[in-house]
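So you can see what is in the structure, the chains are spelled out below.
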Amino acid sequence: MAVRILPKGRLSRREALWFWLFISPWVFGYVVFTLGPTLGALYLSFTHYDVINPPRWVGLQNYGILFHDFVFWQSLKVSAIYTALSVPLGIVFSLFIAILLNQKVPFLGVFRTLFFLPSVIPFVAATLLFIWILNPAFGIIDFFIRAFVGPNGLIPLGIDGPQWFQDPFWVIPAFTLISLWGFGSSMLIYLSALQGVPTALYEAATIDGAGYWKRFWHVTLPMISPVLLFTFITGIIGSFQTFTQAWVVNGGTGSPAYASMFYVLYLFVNAFRNFAIGTAAAQAWILFIVILVLTILALWVSRRYVYYESEEGGAF
Amino acid sequence: MAELTETQAYTGKRGVTGLWSNQKFQRGLITAVATFLCILGVVVIMFPVAWMISTSLKTEAAALQFPPQWIPKPAVWHNYWVALTSNPFGIYFKNSMLYAITVMVLQTLSSALAAYGFAKLRAPGKNLIFLFVLATLMLPYEVTLIPQYVMFAKMGWLDSYKPLIIPQIFGASYSIFLLRQFMRGIPRDYEEAALIDGASYFSIWWRIILPLSMPALGAVAIITFMWHYNNFMGPLLYINSRLLYPVQLGLQQFQAPHGGTEYNLLMAASLVTILPPVIVFYFAQRFFIQGIVISGVKG
């Protein structure tokens, strides 16, 4: 605060100018490649457009079509269930592994690389791998299940492996397995955040008699809470946008019985299979609003729990 | 006998109680448990990869054999040759790397610029503008997909990497948000000292903020690289010429031609395509280990 030797107005004007300079590349990209196309999509959502003929204004018709479309509501439900299942599981799993790796584990580099490996495997290949691993007839997972609890297994309970991608109940858990397997990115972010927690805080907590659990609860968790919130929100957004895996599995049919008709899958089918561009644009905008509401909700609920060090100022 | 056991148990118990309160033992135990869990985790996580390797070395018939053949006999190394030469994978690799590395470098830098502005500089209306970053973060790319495609088609950018690279180099909201969260944690003391010494905000960004943000920058750069290396929908939409294909479109070819996927060849090709990101990640790991630098303020 002793910096304020010059009149306050000049300094803050200079700082504000620098702020605009720093964000100017982003502002340019935003206006040209995001804001423009977003408004363009909004316009298209009020039109009938089939790529070939010019867009024709139809008002709210596209939204009305969707409101009475069973598949649209089904796709919203599928994505919501998938999100509720995969996002919390993913966070707990990645954080757990990141904490393990943050201990003084030998061969840290090797472990880190191996845990991260699945998330660099291309979506297409990873999905095909899981289609094959989870194949009810030849898949290795159901082979294990049968070998242990099948009719002739070690413990003959007569339980057969699930039909996974062919079963309306098991298809979403099967997709969740694929997403959990690629937990490497969020694990990296958590690990980076864990390593950023000042060791002085741990030392101080230890001197005050805090055990491992208390240090985790009162030091680690608050210090990494902004990053946890970040991965939670981006996790929701990402899982609502699931497309590639679903496309590889069912080619846009959402089989069985629309049980894997993910939201964006249906959007894509409408846009590029049915060439109902206007309806697809309306779907895109509804998705945007759904995500917006969920995010604002998460930010609002978390305000009390997320801790920003330099704002609070008390830590040092 | 029973007495002896009891005595042993008693002394043993005392010994254990003593050990429990020993800091060094506690730390050692935690390391041992963590190591054990890590090994267990790696076995589970790596099993599909092991199965992938196994499949990649089988004949097409052996790949579908049941009960499964654990170790391929004989190992068909020729699969790799077939997988990589039936399509020009060398060219696909070059295309993918040029695309992913260009975006990685430029996007990380431009994102770090904006992130510093949002994290540290005070300006009227900043929070309102940051809401736009957050909104972009929440904006599904499907919203911009169709209008962007129409726009790039009119500009004659189809069948080139321009639509995939140019929109990316001005910063990504994901990276800006992550870097901002990280930079907010950097204490103001450094900057204020530099300001007194007459440093400009740009040199503060370059000399103080960027070096302190290395762990986050490393993470952002790697995630950006991975995302674009693995990007499938973008190239599918914009790239038509086979010689411009990135690796992902090349991989897809194994699925299409014969109807039935040749899993052995697909797995062989997939395994080769995951090598570049794995190597990049392995060598960039030092950025994460440098994370301790952030706590430099404690000294």
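All values reported here derive from a predicted model rather than from experimental measurement.

K.L.:
Could you clarify how one ought to interpret the overall build of chain A in this entry?
P.N.:
For chain A, the helix and strand inventory stands at 14 helices and two strands. Computed over C-alpha atoms, the radius of gyration of chain A comes to 25 Å, more than 25% over the 20 Å expected from 2.2 N^0.38 for 316 residues, which places it beyond the range of a compact globule. In terms of overall dimensions, chain A has a C-alpha envelope of 70 × 65 × 30 Å along the principal axes. Within the span of chain A, comprising 316 residues, buried residues form 53% of the whole. The long-range fraction of contacts in chain A, counting pairs at least 24 apart against all pairs at least 6 apart in sequence, stands at 62%. Seen as two clouds, the 15 positive and the 11 negative side-chain charges of chain A have centres 10 Å apart.

K.L.:
Help me understand the domain arrangement of chain B in this model?
P.N.:
By a widely used convention, the size of an interface equals the accessible area lost when the partners come together. All names here are of chain B. Entries for chain B in the domain assignment read domain 1 (2–80) and domain 2 (87–298). Taken together, the contact pairs nine residues of domain 1 with nine residues of domain 2. When domain 1 packs against domain 2, the two sides together hide about 840 Å² of surface, and 77% of this comes from carbon and sulfur. The largest share of the area that domain 1 buries against domain 2 comes from Met52, Glu60 and Tyr80, three residues that together contribute 54% of it. One can count zero salt bridges joining domain 1 with domain 2. Applying the counting criterion to the domain 1 and domain 2 interface returns one residue pair in polar contact (both at pLDDT 80 or more). Secondary-structure elements contributing two or more residues to the side of domain 1 that touches domain 2 are α2 (23–56) and α4 (78–85). Of all the elements, α2 adds the most residues to the side of domain 1 that touches domain 2, at four residues.

K.L.:
How do you make sense of the environment of A:Ser225 when you look at a structure like this?
P.N.:
Residue and element names in this part refer to chain A. By secondary structure assignment, the location of Ser225 is in helix α10 (residues 212–240). A relative accessible area of 8% places Ser225 in the buried class. When near neighbours in sequence (up to four residues on either side) are disregarded, Ser225 contacts Tyr305, Val306 and Tyr307. Separated by 2.7 Å, the side chain of Ser225 and the backbone oxygen of Pro222 make a polar contact.

K.L.:
Got a minute to help me understand the interface of chain A and chain B in this structure?
P.N.:
Listed by partner, the interface residues are 101 residues for chain A and 111 residues for chain B. Carbon and sulfur atoms supply 78% of the area that chain A and chain B bury against each other, a total of about 9,700 Å² over both sides. When the buried surface of chain A facing chain B is broken down by residue, A:Phe22, A:Trp26 and A:Trp132 rank first, second and third, together holding 9% of it. Run the count over chain A and chain B and you get one salt bridge. Across the pair A:Glu15 and B:Arg122 runs a salt bridge, and its minimum N-O distance is 3.1 Å. Scanning the region where chain A abuts chain B turns up six residue pairs in polar contact (both at pLDDT 80 or more). Tallying contributions element by element places helix α1 (residues 8–44) of chain A first for the side of chain A that touches chain B, with 22 residues. The class makeup of the residues in the side of chain A that touches chain B is 73 nonpolar, 20 polar and eight charged.

K.L.:
It is not clear to me how the nonpolar core should be interpreted in this structure. Could you clarify?
P.N.:
Here is a general trend for soluble globular proteins: nonpolar side chains tend to be buried in one another's company. In this structure, A:Phe115, A:Met187, B:Tyr116, B:Phe118 and B:Met183 are the most contacted members of the largest nonpolar core, which totals 188 residues. Broken down by element, this core gets its largest block of residues, 14 residues, from helix α5 (residues 89–120) of chain B. Built from parts of two domains, this core gets at least three residues from each of domain 1 (2–80) and domain 2 (87–298) of chain B. In this structure A:Phe115 touches A:Ile97, A:Leu101, A:Phe183, A:Gly184, A:Met187, B:Cys38, B:Gly41, B:Val42 and B:Ile45, once residues within four positions along its chain are discounted.

K.L.:
Help me out: how do you make sense of helix α12 (residues 214–230) of chain B in this one?
P.N.:
The terminal C-alpha atoms of α12(B), which comprises 17 residues, lie 24 Å apart, in line with the 24 Å expected from a rise of 1.5 Å per residue. Of all 17 residues in α12(B), 15 are buried, a share of seventy percent or more.

K.L.:
It is not clear to me how a nonpolar patch on the surface should be interpreted in this structure. Could you clarify?
P.N.:
A contiguous nonpolar surface patch, about 840 Å² in accessible area, is contributed by A:Phe144, A:Phe148, A:Leu154, A:Ile155, A:Leu157, A:Ile159, B:Trp70 and B:Ile71. Classification of A:Phe144 by relative accessible area gives partly exposed; the value is 30%.

K.L.:
For this particular structure, what's the right way to read the side chain of B:Asn79?
P.N.:
All names here are of chain B. Mapped onto the elements, Asn79 comes out in helix α4. Reaching out from Asn79, the side chain makes a polar contact with the backbone oxygen of Ser56 at a distance of 2.8 Å. Discounting residues that sit within four places of it in the chain, Asn79 has contacts with Ser56, Leu57, Lys58, Asn264, Leu265 and Ala268.

K.L.:
When you look at the packing of aromatic side chains in this model, what are you seeing that I'm missing?
P.N.:
The description of an aromatic ring pair rests on the distance of the ring centres and on the angle between the ring planes. If you walk through the whole model with that rule in mind, you get 56 aromatic pairs over all chains. With a centroid separation of 5.9 Å and 45° between ring planes, the pair formed by A:Trp18 and A:Phe22 is classed as tilted. In this pair, A:Trp18 and A:Phe22 are both assigned in helix α1, four residues apart and thus about one turn of the helix distant. The same class applies to A:Trp18 and to A:Phe22, which are both buried. Ring plane angle 15° and centroid distance 5.3 Å describe the contact between A:Trp132 and B:Tyr263, whose orientation is recorded as stacked.

K.L.:
I'm lost on the pattern of salt bridges in this one. Help?
P.N.:
Think of it this way: side chains of opposite charge can pair up when their charged atoms draw near. Residue and element names in this part refer to chain B. Evaluated as defined, the whole model comprises four salt bridges over all chains. One salt bridge in this structure joins Lys120 and Glu191, with 3.5 Å as the shortest N-O distance. In this pair, Lys120 is assigned in helix α5 and Glu191 in helix α10 (residues 189–196), connecting sequence segments 71 residues apart. Its relative accessible area of 5% is what places Glu191 among the buried residues.

K.L.:
Before we go on, may I ask you to explain the side chain of B:Gln107 in this structure?
P.N.:
Residue and element names in this part refer to chain B. Among the structural elements, Gln107 can be located in helix α5. Assessed through its relative accessible area of 3%, Gln107 is described here as buried. Discounting chain neighbours no more than four positions away, the residues touching Gln107 are Gln168, Gly171, Ala172, Ser175, Thr224 and His228.

K.L.:
Explain the confidence of the model for chain B to me, please; I cannot follow it from the model alone.
P.N.:
A low pLDDT score tells you not to read the predicted coordinates there in detail. Residue and element names in this part refer to chain B. Averaged over chain B, the pLDDT score is 82; the fraction of residues at 70 or greater is 86%. Averaged over each element, pLDDT in chain B is lowest for helix α1 (residues 2–20) (50) and highest for helix α8 (residues 162–165) (95). Long-range and interchain partners of residues 1–13, a stretch whose pLDDT sits below 50, account for zero contacts in this model, where long-range means more than four residues apart. Counting interchain partners and residues more than four positions distant, the pLDDT-below-50 stretch residues 288–299 has 28 contacts.

Conventions adopted
Residues numbered from 1 in each chain as written. Chains lettered and ligands numbered in written order. Predicted model: local features only at pLDDT ≥ 70, side-chain atom pairs only at ≥ 80, totals over all residues. Heavy atoms only, no water. Helix = DSSP H or I, 4+ residues; strand = E, 2+ residues; numbered from the N terminus. Rg over C-alpha atoms; globule rule 2.2 N^0.38 Å. Buried < 20%, exposed > 50% of the residue type's maximum accessible area, 1.4 Å probe, protein only. Contact = heavy atoms within 4.5 Å. Lys, Arg positive; Asp, Glu negative; His and termini not counted. Charge placed at Lys NZ, Arg CZ, Asp CG, Glu CD. Domains from an automatic or database assignment. Buried area = accessible area lost by both parts, 1.4 Å probe. Salt bridge = Lys/Arg side-chain N within 4 Å of Asp/Glu carboxyl O. Polar contact = N/O pair within 3.5 Å; in protein donor to acceptor, adjacent residues only side chain to side chain. Nonpolar A, V, L, I, M, F, W, Y, C, P; charged D, E, K, R; others polar. Core = buried A, V, L, I, M, F, W, Y, C linked by side-chain atoms within 4.5 Å. Expected span 1.5 Å × (residues − 1). Patch = residues over 30% accessible without salt bridge, like charges linked within 9 Å, V, L, I, M, F, W, Y side chains within 5 Å. Areas by Shrake-Rupley, 256 points an atom, 1.4 Å probe, with all protein chains shown as cover. Phe/Tyr/Trp six-rings, centres within 6.5 Å; stacked < 30°, edge-to-face > 60°. pLDDT = per-residue confidence, 0-100.

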